[in-house]
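Summary of the model geometry
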Amino acid sequence: MEAELPGSSADPSGDDGDHRPHRKGAKVADVRRYGQPPGLKDRRNEEHWAGRLYMRDLSPYFGWIALRLGFSPNQLTYLMMASGVVAGLVVSLPVDPLWTAIGGAVLIQVYLLLDCVDGEVARYLKQTSVAGVFLDRIGHYLSEVSLLIGLGFMAQGGWKNGGWAELGLVAALGAALIKAETDNVVVARAKSGLTADPSGGDRALRPRSTRIALARQAASMLRLHRIIGAVELSLLILAAAVLDTVLGNETPVAVRVLMVAVAAVAVLQTLLHLVSILASRRLK
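The paragraphs below set out a description of the structure included in this document. (Residues numbered from 1 in each chain as written. Predicted model: local features only at pLDDT ≥ 70, side-chain atom pairs only at ≥ 80, totals over all residues. Heavy atoms only, no water.)

1. Notes on the side chain of D244
Note on placement: D244 falls in helix α8 (residues 230-247). The buried charged residue D244 lacks any salt bridge partner; its closest oppositely charged side chain belongs to R256, at an N-O distance of 8.0 Å. At 3.2 Å, the side chain of D244 and the backbone nitrogen of V255 are in polar contact. Residue contacts for D244: discarding those within four places in its chain leaves N249, T251, P252, V253, A254 and V255. (Helix = DSSP H or I, 4+ residues; strand = E, 2+ residues; numbered from the N terminus. Buried < 20%, exposed > 50% of the residue type's maximum accessible area, 1.4 Å probe, protein only. Lys, Arg positive; Asp, Glu negative; His and termini not counted. Salt bridge = Lys/Arg side-chain N within 4 Å of Asp/Glu carboxyl O. Polar contact = N/O pair within 3.5 Å; in protein donor to acceptor, adjacent residues only side chain to side chain. Contact = heavy atoms within 4.5 Å.)

Written as structure tokens, this is what we have:
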């Protein structure tokens, strides 16, 4: 969600007229004022729904703590990465799936919180950079891939092969490829000497074919792609584990159904996203 991290440093009490307090003297209101610029919650394509719903209300308090403790933005991002990767590891543990699902969901909430806090601290300290954008995106890659692999092992019932673990790897590969397809639009444009964003705004994102455009719109309305996102997936894993527990299933039936659905969406979305990009004006 965040894409602003460290690199260059600047004195937050510089002479640009904002007169923000030193990090040790900052208040929660200061973090909210300087770390959450106007319109932050309205970035529909960048701001996660959970951020808009509740996490951006909580994050300034933790941003205040991070400033007081002396954390740098990149340190917070590394903690974000760690929480996402460990969430996948916890989900994969060969113990009671209900407890591993709870642990994974909690860790993903920590991941989401840190994803908000690192950017807010970076903005407060005026330490945003290209390196921060890179680290932030790598964090999202690692977290989603880790959680999908963890789900595969949960469906398998342990750290062993048998089909379900491999299906988790397929889903993880799909999730990574979807992000790579998006990122490589910018790479392809840069290598061709074009600006990062195509001219035409939202019109450039729409496929030129009417049928493909309608299919893309329908897929967007269904929001199926969200089930491979870390936050949504962690909640679905928890729901599936609860259902298996309530039904007393000896094998994780609900978890396995979720694994099949997630893998199918990942593979289908990989193909549809590729077609959508090639059929749009993003590479023009």
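Moving on from the coordinates now.
2. Some remarks on the pattern of salt bridges
Any two side chains of opposite charge can pair, on the condition that their charged atoms come close. Scanning the entire structure with this criterion turns up three salt bridges. A salt bridge links R56 to E120; the nearest nitrogen and oxygen atoms lie 2.7 Å apart. Here R56 is found in helix α2 (residues 49-69), whereas its partner E120 is found in helix α4 (residues 97-125), with 64 residues between them in sequence. Across the pair, E120 and R56 agree in class, each one buried.

3. Some remarks on helix α5 (residues 130-156)
The end-to-end C-alpha separation of α5 is 40 Å, in line with the 39 Å expected for 27 residues at 1.5 Å each. The N-capping residue of α5, defined by a side-chain oxygen 3.3 Å from the backbone nitrogen of A131, is S129. After α5 finishes, the residue G157 shows a positive phi value of roughly 95°. (Expected span 1.5 Å × (residues − 1).)

Coordinates in, geometry out; function isn't part of it.
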